[in-house]
Amino acid sequence: MSNVLVFIEQRDGKIRKSSLEALTLGHSLSKKSGGALAAVIAGSGISSLAPELAAYGASRVFVADKPELALFSSEGYTTALDAAATAFNPSIVLASATAMGRDVAPRFAARRGVGVLSDVMSLDVVDGRLVGSRPVYSGKAQAVVTTGPSVAIQVATPRPNVFPAAKSDAPGAGEVVNLDLAALKIRAKVVKMQAAEAGEIDVAEADKIVTGGRGIKGPESWPVLRALCTELGAALGASRAAVDAGWIGHEHQVGQTGKVVSPSLYIACGVSGAIQHLAGMGSSKVIVAINKDPEAPIFKVATYGIVGDLFQIVPAMTEAAKKLKA
Amino acid sequence: DEADVKWIVSPYDEYALEEALKTKEATGGTVTALTFGPTRADTGLRECLARGADDAVRIASDGLGQVDSLGVARLLAGVIKTLPHDVVWMGNKGVGTDAQVLVPMLAELLDLPHVNLVTKLEWKDGAIVAHREIEGAQEIVEMSLPGVIGATKGLNEPRYASLKGIMAAKKKTIAVKTPADAGVDPATIAGPAAHVRWTKLELPPARQAVKLIPGDDPAKAATELLNLLKNEAKVL
Ligand SMILES: Cc1cc2nc3c(=O)[nH]c(=O)nc-3n(C[C@H](O)[C@H](O)[C@H](O)COP(=O)(O)OP(=O)(O)OC[C@H]3O[C@@H](n4cnc5c(N)ncnc54)[C@H](O)[C@@H]3O)c2cc1C
Ligand SMILES: Nc1ncnc2c1ncn2[C@@H]1O[C@H](COP(=O)(O)O)[C@@H](O)[C@H]1O
């Protein structure tokens with residue numbers, strides 16, 4: 001029997017989709033092993049979020065609601081997770097592998113003297129042990145990872161956008177338990193959050209991405225790709241070659257030294273498909289390559305490809321997308 | 001076969017080292033390069049010395065077998081406790097295994113605060129103001145010292161070693177420590193004691209062969225592609 005506790009991330013009072021994915025995964029793991037499912041959430045003025053978590057199967061919702069938790073602090077949020085774990089006694093703890101989850105889960109694990117199955121793309125419980133898998137070595141291989149037999153609390157961070165989020169047909173009771181975190185020691189604290197420019201979707205959480213590489217020739221070509229982004233509701237990505245040339249900010253970079261993404265649709269335009277680029281997008285569900293070189297390695301991982309000049313193909317795709325919608 | 005492999009400092013650790021060196025140049029102090037690894041990791045430490053680190057320390061991993069991230073964090077923490085430190089500079093992730101867990105783990109074991117994913121760093125009254133990149137936003141984080149910083153792309157442009165630096169680095173000795181020096185019994189971290197195990201290394205799931213659409217008629221190709229995306233792949 002494995003009780004499962006899931007760390008829930010909210011921003012401006014809204015639960016993040018990636019957390020609902022983790023909660024849905026936690027629900028199936030708890031069902032499979034006959035345990036209970038609980039969620040823990042930290043912030044300020046967030047008590048009203050419990051019913052939504054119950055809808056995804058949480059029988060209990062631990063709430064750390066304090067003014068000093070309004071903005072993120074690794075120490076404060078880890079203490080909330082730790083307090084919930086003390087109260088609930090889980091054998092499995094999940095947090096989505098977002099910037100916040102990757103901060104809180106390892107800190108919590110170190111506090112409890114246990115390891116983390118980090119950034120897993122599959123996760124199951126077999127004889128009470130978590131078994132997951134994760135791409136390693138720039139996606140050239142996949143490691144099957146598991147936790148040792150004596151590990152009391154098994155911590156894992158599932159990769160966002162990989163597991164589905166689905167409400168449960170048997171909602172949990174969602175019993176709210178307020179966590180009393182008397183003395184919080186917070187020495188590193190978010191003082192301000194600046195949202196990205198309005199209308200700009202971050203590649204890290206986009207469901208669709210259109211990426212430009214060196215083949216776009218220069219920054220004056222971004223509007224060609226952006227028009228397609230607008231039509232598809234996609235985020236704009238870039239290869240390292242495009243970023244290092246100074247054509248766009250590093251926050252757009254996909255790859256080993258950029259962001260690792262798993263959108264449902266990834267369209268690479270004028271990108272050769274170097275291994276370090278594939279490391280960042282190789283797990284996308286559907287990959288489209290637009291490249292004038294039929295030998296470009298990107299075609300080896302692509303689902304669909306058009307061999308041709310991106311300056312002709314991409315505008316035609318934008319037109320076709322418009323027609324499809326009409 | 002590792003014979004022809006060139007071992008390098010990971011790009012994230014280059015950002016970390018660069019920021020440490022910049023800080024030393026601005027405010028004084030010393031920079032120590034620390035790694036846990038086999039003898040060949042000395043190449044990376046020499047590179048750090050050549051760029052301007054004052055000292056280098058390697059915790060020898062030779063013969064230890066698989067050590068998981070918690071084990072590495074315990075070893076690093078054990079040695080860092082014996083060295084004076086205001087800031088522990090790290091990369092946000094290692095290249096290869098990409099666990100992205102060591103920064104928070106190490107900070108917790110050292111009972112220090114940390115900021116990870118740092119793309120910009122300023123100093124204010126002896127404290128750090130760091131910009132941290134999260135999904136769709138930037139967080140501005142204030143951290144008191146001592147603390148741990150996890151560097152990522154955007155923070156700086158790492159320097160190259162100068163010829164003078166390379167020559168000076170050759171003369172320096174790398175201090176080699178054992179797990180015992182870190183106060184860690186290898187039996188508690190390696191082999192069966194590891195919390196996280198790699199049971200298998202597999203080939204990634206095979207992707208289906210690419211469906212190529214001729215591009216000589218762009219409008220036709222684009223229409224066909226979008227229809228496939230909608231009706232076959234069902235992603236539109
Ligand atoms: C340690 C390390 C880390 C790295 N990290 C990253 C990373 O995070 N992300 C990353 O992307 N790279 C990374 N790289 C760099 C990587 O190795 C490649 O150099 C880079 O991805 C190449 O970018 P590109 O595909 O845009 O450019 P190129 O390789 O130059 O490819 C351009 C492509 O555009 C095509 N093309 C040109 N004109 C047209 C046209 N008119 N129409 C259609 N196609 C056209 C060409 O056929 C070519 O295939 C890293 C490298 C190292 C060593
Ligand atoms: N063996 C090691 N020795 C020293 N530092 C390490 C080691 N492994 C990882 N690190 C540091 O921890 C960071 C994050 O690594 P990881 O959590 O493994 O992705 C790296 O960028 C390094 O700064």
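Keep in mind it's a predicted model, so treat the numbers as computed, not measured.

Sorry if this is basic, but what is going on with the overall build of chain B here?
Of regular secondary structure, chain B possesses 6 helices and 10 strands. Overall size of chain B, expressed as C-alpha extent along the three principal axes, is 65 × 45 × 40 Å. Here chain B holds 236 residues, and 49% of them are scored as buried. Accessible surface for chain B amounts to roughly 11,400 Å². Of this, 54% is attributable to carbon and sulfur atoms. The distance from the centre of the 27 positive side-chain charges to the centre of the 32 negative ones in chain B is 2 Å.

I'm lost on the pairing of strand β16 (residues 265–269) of chain A in this one. Help?
Remember that side chains alternate between the two faces of the sheet whenever the strand is regular. All names here are of chain A. β16 sits mainly inside the fold: 5 of its 5 residues count as buried. Of the two faces of β16, the one lined by L265, I267 and C269 and the one lined by Y266 and A268 are each fully buried. In this sheet, β16 lies alongside strand β14 (residues 208–212) in parallel orientation, the contact comprising 5 bridges. Opposite V210, over in β16, you have I267 as the bridge partner. One crossover worth recording links β16 to the parallel strand β17 (residues 286–291) by way of helix α7 (residues 275–281), and it is right-handed.

Which parts of the structure should I look at to understand the sheet that holds strand β4 (residues 37–43) of chain A?
By definition, the strands of a sheet pair up through backbone hydrogen bonds, in either a parallel or an antiparallel sense. Residues and elements named next belong to chain A. The strand order across the open sheet built from 7 strands is β7-β11-β6-β1-β4-β5-β12, with neighbouring strands paired in parallel fashion. One side of each edge strand has no neighbouring strand; the edge strands of this open sheet are β7 (116–120) and β12 (175–178). On average, each strand axis in the sheet is tilted by 20 degrees relative to the strand beside it, whichever way the strands run. Two elements, strand β5 (residues 60–65) and β12, share 4 bridges in a ladder whose sense is parallel. Residue R60 lies in a different strand from β12, and its bridge partner there is E175. Contacts between helix α3 (residues 74–88) and the sheet are confined to β1 (4–8), β4, β5 and β6 (92–95), with β4 contributing the most and set at about 150 degrees to the helix.

How should I be thinking about the site of ligand 2 in this particular structure?
Residue and element names in this part refer to chain B. Around ligand 2, the surrounding shell holds 15 residues, and the nearest of these are D13, F36, G94, Q100 and V101. Side-chain polar atom of T35 to a nitrogen atom of ligand 2: 3.3 Å apart, as the coordinates give it. G91 is positioned such that a nitrogen or oxygen atom in its backbone is 2.9 Å from an oxygen atom of ligand 2. Listed by contribution, the elements that provide at least two residues to the shell around ligand 2 are β1 (32–37) and β3 (87–91). Of all the elements, β1 adds the most residues to the shell around ligand 2, at 3 residues. Broken down by class, the residue content of the shell around ligand 2 amounts to 7 nonpolar, 5 polar and 3 charged.

Before we go on, may I ask you to explain the sheet that holds β14(A) in this structure?
Spatial strand order, β15(A)-β14(A)-β16(A)-β17(A)-β18(A)-β10(B): 6 strands in an open sheet with parallel pairing. Because the sheet does not close on itself, it has two edges, and the strands there are β15 (235–238) of chain A together with β10 (211–214) of chain B. If you compare each strand with its neighbour and ignore which way they point, the axes differ by 20 degrees on average. In this sheet, β17(A) lies alongside β16(A) in parallel orientation, the contact comprising 5 bridges. When the sheet's bridge partners are listed, C269(A) is paired in β17(A) with I290(A).

Just checking my understanding: could you explain the interface of chain B and chain A for this structure?
For interface size, the figure often reported is the accessible area lost on association. Across the boundary between the two partners, chain B contributes 74 residues, which contact 89 residues of chain A. The contact between chain B and chain A buries some 6,800 Å² in all, and 58% of this surface belongs to carbon and sulfur atoms. Summed over the three residues of chain B that lose the most area to chain A, namely E135(B), K153(B) and R207(B), the buried surface amounts to 12% of that side. Linking chain B with chain A are 7 salt bridges, by the criterion used here. Residues K185(A) and D111(B) are paired through a salt bridge, measuring 3.1 Å at the closest nitrogen-oxygen approach. For the pair chain B and chain A, the interface holds 38 residue pairs in polar contact (both at pLDDT 80 or more). Secondary structure elements with two or more residues in the side of chain B that touches chain A: α1 (11–27), α4 (102–109), β4 (114–124), β5 (127–134), β6 (137–143), β9 (196–202), β10 and α6 (218–232) of chain B. The dominant element in the side of chain B that touches chain A, judged by the number of residues it contributes, is α6(B), at 12 residues. For the side of chain B that touches chain A, a count of residues per class yields 41 nonpolar, 16 polar and 17 charged. Alignment of strand β18 (residues 304–307) of chain A against β10(B), held across 4 bridges, turns out to be parallel.

I would appreciate a short explanation of the site of ligand 1 in the present structure.
Ligand 1 sits among 27 residues. The nearest are S239(A), T257(A), S272(A), Q276(A) and N291(A). Looking at what sits near ligand 1, you find residues from chains A and B. Note that an oxygen atom of ligand 1 is positioned 3.3 Å from one of the backbone N or O atoms of G258(A). A distance of 2.7 Å separates an oxygen atom of ligand 1 from a polar side-chain atom of Q276(A). For ligand 1, whose accessible area on its own is 990 Å², the fraction buried by protein is 79%.

Sorry, what's going on with the environment of A175(B) here?
All names here are of chain B. Inspection of the secondary structure assignment puts A175 in strand β8 (residues 175–177). The class of A175 is partly exposed, set by a relative accessible area of 33%. A C-alpha to C-alpha distance of 6.3 Å links A175 and A56, two positions 119 residues apart in sequence. Leaving out residues up to four positions away in the same chain, A175 has contacts with A56, V57 and R58.

I'm lost on the pairing of strand β2 (residues 55–60) of chain B in this one. Help?
All names here are of chain B. Burial analysis of β2 places 5 of its 6 residues in the buried class, which makes it a mostly covered element. As judged from the 6 bridges shared by β1 and β2, these two strands associate in the parallel manner. Looking across to β2, one finds that T32 is bridged to D55. Considered for its hand, the β-α-β crossover made up of β1, helix α2 (residues 42–51) and β2 is right-handed.

When you look at the packing of α3(A) against helix α4 (residues 101–112) of chain A in this model, what are you seeing that I'm missing?
Packed helices, taken two at a time, are described by the angle their axes make and the gap between the axes. All names here are of chain A. In contact at an axis separation of 9 Å, α3 and α4 are set at 55 degrees when each is read in the N-to-C sense. Between α3 and α4, the interaxial angle falls into the category oblique. Of the two elements, α3 crosses α4, and the hand of that crossing is right-handed. Taken together, the residues of α4 that come into contact with α3 (itself represented by S74, E75, Y77, T78, T79, L81, D82, A85 and T86) are D103, V104, R107, F108, R111 and R112. Its residues assigned to classes, the contact of α3 with α4 shows 5 nonpolar, 4 polar and 6 charged.

Rules used in this analysis
- Residues numbered from 1 in each chain as written.
- Chains lettered and ligands numbered in written order.
- Predicted model: local features only at pLDDT ≥ 70, side-chain atom pairs only at ≥ 80, totals over all residues.
- Heavy atoms only, no water.
- Helix = DSSP H or I, 4+ residues; strand = E, 2+ residues; numbered from the N terminus.
- Buried < 20%, exposed > 50% of the residue type's maximum accessible area, 1.4 Å probe, protein only.
- Areas by Shrake-Rupley, 256 points an atom, 1.4 Å probe, with all protein chains shown as cover.
- Lys, Arg positive; Asp, Glu negative; His and termini not counted.
- Charge placed at Lys NZ, Arg CZ, Asp CG, Glu CD.
- Pairing = 2+ DSSP bridges.
- Right-handed = clockwise from strand over helix to strand, strands pointing away.
- Axes fitted to C-alpha atoms, helices over the stretch in contact; angles between N-to-C directions.
- Contact = heavy atoms within 4.5 Å.
- Near = heavy atom within 4 Å.
- Polar contact = N/O pair within 3.5 Å; in protein donor to acceptor, adjacent residues only side chain to side chain.
- Nonpolar A, V, L, I, M, F, W, Y, C, P; charged D, E, K, R; others polar.
- Buried area = accessible area lost by both parts, 1.4 Å probe.
- Salt bridge = Lys/Arg side-chain N within 4 Å of Asp/Glu carboxyl O.
- Parallel < 35°, antiparallel > 145°, perpendicular 65-115°, else oblique.
- Left-handed = near helix turned anticlockwise from the far one by under 90°.

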